[in-house]
Amino acid sequence: MKQDFSGSHSEGFIKDICTFWDRTMIAYRSLKFELPIETLLPVIIQAFKETVYKYKQNTIKTSFLQYFYGTVAGKLVAEKRKIVCEEQPWGLWLGYG
């Protein structure tokens, strides 16, 4: 089945995609990553998949966009913590190792 993306529906679709990407960029910039955002695409895609799953389960109490932002921000925080932990292992100041 071939889809035509030249109509008015595609404009709304593209606008939605840009809105989601803007929210992703807000979360990315707020955490001041040194990595390019392209390296975090698997995490971002996983956040979107989880948001769609929750939407299908009808468990989202806010808007889809708000839920997605919270999910992607939480996942990016976890990635940032992993990176910081690798760069600055906790407990080295104790003199072990």
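This section reports on the structure supplied with the text. Here the structure is a predicted model, which is why all the values come from computation and not from measurement. (Residues numbered from 1 in each chain as written. Predicted model: local features only at pLDDT ≥ 70, side-chain atom pairs only at ≥ 80, totals over all residues. Heavy atoms only, no water.)

Brief notes about the pattern of salt bridges
This is how it is decided: Note on definitions: salt bridges are taken to be side-chain nitrogens of Lys or Arg within 4 Å of carboxyl oxygens of Asp or Glu. Think of it this way: any DSSP run of H or I at least four residues long counts as a helix, any run of E at least two long counts as a strand, and we number them from the N terminus. Exposed residues in this analysis have more than 50% of their type's maximum accessible area, buried residues have under 20%, and partly exposed residues fall in between, with area computed by a 1.4 Å probe over protein chains only.
Applying the stated criterion across every chain yields a total of two salt bridges. Salt-bridge contacts for K75 lead to E50; the nearest nitrogen and oxygen are separated by 3.1 Å. Taken together, the residues K75 in helix α3 (residues 64-87) and E50 in helix α2 (residues 41-56) connect sequence positions 25 residues apart. Two residues, E79 and K82, come together in a salt bridge whose shortest N-O distance is 3.3 Å. Within this pair, E79 and its partner K82 are both found in helix α3, separated by three residues, close to a single helical turn. Note on E79: relative accessible area 19%, which makes it buried. For K82, a relative accessible area of 48% puts it in the partly exposed group.

Some points on the packing of aromatic side chains
Rules: The criterion for an aromatic pair is that two Phe, Tyr or Trp rings (for Trp, the six-membered ring) have centres within 6.5 Å, with stacked assigned to planes under 30 degrees apart, edge-to-face to planes over 60 apart and tilted to the rest.
Taken as a whole and assessed by the stated rule, the structure comprises seven aromatic pairs. Between F20 and F68, the ring centres sit 5.4 Å apart and the planes meet at 90°, which makes this aromatic pair edge-to-face. Highlighted residues: F20 in helix α1 (residues 8-30) and F68 in helix α3, separated in sequence by 48 residues. Taking 6.0 Å as the distance between ring centres and 80° as the angle between the ring planes, the aromatic pair formed by F48 and F64 counts as edge-to-face. Remark: F64 occurs in helix α3 and F48 occurs in helix α2; sequence separation between them is 16 residues. Overall, the relative accessible area of 22% leaves F64 in the partly exposed class. In this structure an aromatic cluster arises from ring pairing among F20, F48, Y55, F64 and F68.

Quick notes on the environment of F33
Structurally, F33 is set in the loop between α1 and α2. Among the residues examined, F33 registers a relative accessible area of 10% and is labelled buried. In the structure, F33 is positioned 44 residues away from V77 in sequence and 10.0 Å away in space, judged by C-alpha atoms.

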